[in-house]
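Working through the structure, step by step
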Amino acid sequence: MSTTLGVPRPDQASYMLRAAASDAGRAYKQRLLELLDVRAGHTVLDVGCGPGTDLPALAERAGDTGTVIGVDRDPAMLARARSRTAELRRVEIREGDAHALPVESGTVDRARTDRVLMHVTEPLDVIGELRRATRPGARIGLAEPDWDTLIVDSEDLETSRAFTRFTTEGVVRHATVGRGLARLAGRAGLRVEAMDATTPVFRDFQEADHTLGLGRNLRKAIDGGHIDRARGRDWFAGLAEGPFYASFTLISVVCSR
């Protein structure tokens with residue numbers, strides 16, 4: 001486990017599992033699963049499956065007659081996903097890029113991607129790949145944050161605002177893709193069936209640091225000259241001493257093919 005500004009930080013796979021297990025993570029994932037309406041016998045595609053966080057829940061709904069396909073490009077994530085689903089015989093783990101999915105056209109009943117589009121080269125192309133892979137009448141679920149809405153409470157409001165601004169402009173490739181999901185889905189030829197917005201709230205500093213990358217991104221901002229070193233470290237130390245509050249908005253869209 002590495003350390004950022006003196007605070008332990010888990011590896012990427014552990015971070016993803018921890019984020020999914022949080023109250024905020026469980027709430028929006030359950031809502032997205034309900035809207036996706038996975039049924040027995042379905043073929044389900046999870047693009048950017050990471051360490052396999054959501055594959056067991058999808059497999060449970062698809063049942064013994066269904067198939068769940070997890071796709072990721074990171075070998076370490078794929079290894080964790082295979083280990084996590086080793087006893088689930090109807091789960092397949094495939095290495096591949098979201099822009100060129102290793103799935104035959106028109107073979108998937110349900111597809112999802114969760115906090116992936118903000119990192120890819122071209123979100124619209126990935127949504128187009130999801131459309132290609134799915135059958136007519138299929139459902140596709142998309143979930144992404146809007147990092148412009150990130151709020152970290154501090155008496156030093158100027159540094160908090162600078163941190164949010166740096167996160168959106170210098171850290172996340174497509175920081176506001178969440179607010180544009182319905183628009184992008186329409187451009188890809190999908191019909192929006194449902195939208196949902198949740199506001200994950202963090203009152204534990206360690207959890208927020210691991211999930212939101214507070215220390216990691218602050219170090220980047222300091223090194224890049226976006227936030228004064230002394231002031232930034234004082235801001236971070238003040239957050240760690242508490243009481244602590246941070247939040248952001250996460251948007252989910254379910255579309256039909």
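Above this text is the structure in question.
Going along each chain's sequence as written, the residues are numbered from 1 onward. Under the rules for a predicted model, residues below a pLDDT of 70 receive no local features and side-chain atom pairs below 80 are neither given nor counted, while totals for whole chains, interfaces and linings still include all residues. Think of the side-chain values as coming from all heavy atoms in the structure, minus any hydrogens and water.

Numbering of helices and strands starts at the N terminus; helices are DSSP runs of H or I of at least 4 residues and strands are runs of E of at least 2. Counting secondary structure elements, the protein contains ten helices and ten strands. Seen through its C-alpha atoms, the protein measures out along the principal axes to roughly 55 × 40 × 25 Å. Burial statistics for the protein: of 257 residues in total, 51% are counted as buried. When the accessible surface of the protein is split by element, carbon and sulfur atoms take 45% of a total near 11,900 Å². With a 1.4 Å probe rolled over the protein chains alone, any residue whose accessible area is under 20% of its type maximum counts as buried; one over 50% counts as exposed, and the rest are partly exposed. We get accessible surface area from the Shrake-Rupley algorithm with a probe of 1.4 Å; when it comes to residues, only the shown protein chains can shield them.

With that settled, the discussion passes to the pattern of salt bridges. Counted as salt bridges are all cases of a side-chain nitrogen of Lys or Arg within 4 Å of a carboxyl oxygen of Asp or Glu. Inspection of every chain in the model, using the stated rule, returns 20 salt bridges. For aspartate 54, the salt bridge is made with arginine 112, and the minimal N-O distance between the two is 3.2 Å. A residue pair is termed long-range when its members are at least 10 positions apart, and aspartate 54 in the loop between strand E3 (43–47) and helix H3 (55–62) and arginine 112 in strand E6 (residues 108–114) qualify at 58 residues. In terms of burial, aspartate 54 and arginine 112 fall into one category: buried. Across the pair glutamate 193 and arginine 191 runs a salt bridge whose closest N-O atoms are separated by 3.1 Å. Put simply, Lys29, Asp46, Asp54, Arg112, Asp114 and Arg115 are held in one network by salt bridges that share partners.

Burial analysis of helix H8 (residues 205–212) places six of its eight residues in the buried class, the great majority of the element. For H8, every residue scored as buried is listed here: Phe205, Ala208, Asp209, His210, Thr211 and Leu212. Pairs of N or O atoms within 3.5 Å make up the polar contacts considered here, provided that, within protein, one atom can donate a hydrogen while the other can accept it, and that residues adjacent in sequence are counted only when both atoms are side-chain atoms. Backbone nitrogen of glutamine 206 and a side-chain oxygen of the N-cap are separated by 3.2 Å at the start of H8; the cap is aspartate 204. At the exit of H8 stands glycine 213, carrying a positive phi of roughly 70 degrees.

Right, let's get into the nonpolar core. Among the nonpolar cores identified, the biggest contains 58 residues, and Leu45, Val152, Leu212, Leu214 and Phe244 are the most heavily contacted of them. No other element matches the seven residues that strand E10 (residues 246–256) contributes to this core. Contacts: residue pairs with any heavy atoms within 4.5 Å of one another. If we ignore the near neighbours within four places in the chain, the residues touching leucine 212 are Trp147, Leu150, Phe202, Asn217, Ala246 and Phe248. The nonpolar core is taken to be a set of buried Ala, Val, Leu, Ile, Met, Phe, Trp, Tyr and Cys residues, with the residues joined through side-chain atoms within 4.5 Å. Of all hydrophobic cores here, the second largest spans 14 residues; its members include Leu36, Cys49, Val68 and Ala81.

Helix span, expected: 1.5 Å multiplied by one less than the number of residues in the helix. With 13 residues, helix H10 (residues 229–241) should cover 18 Å at 1.5 Å per step; its first-to-last C-alpha distance of 18 Å lies within 8% of that length. Those residues of H10 that fall on the buried side of the exposure criterion are Gly232, Trp235, Phe236 and Leu239. Buried positions in H10, seen along its axis, are confined to an arc of 95 degrees and lie on one side of it. Of the exposed residues in H10, those oriented more than 90 degrees away from the buried face are Asp234 and Glu241. For H10, the N-terminal capping position is held by aspartate 228, with its side-chain oxygen 3.2 Å away from the main-chain nitrogen of alanine 230. Positive backbone phi, approximately 70 degrees, marks glycine 242, located one or two places after H10. Arc definition: it is the arc formed by the directions from the helix axis to the C-beta atoms.

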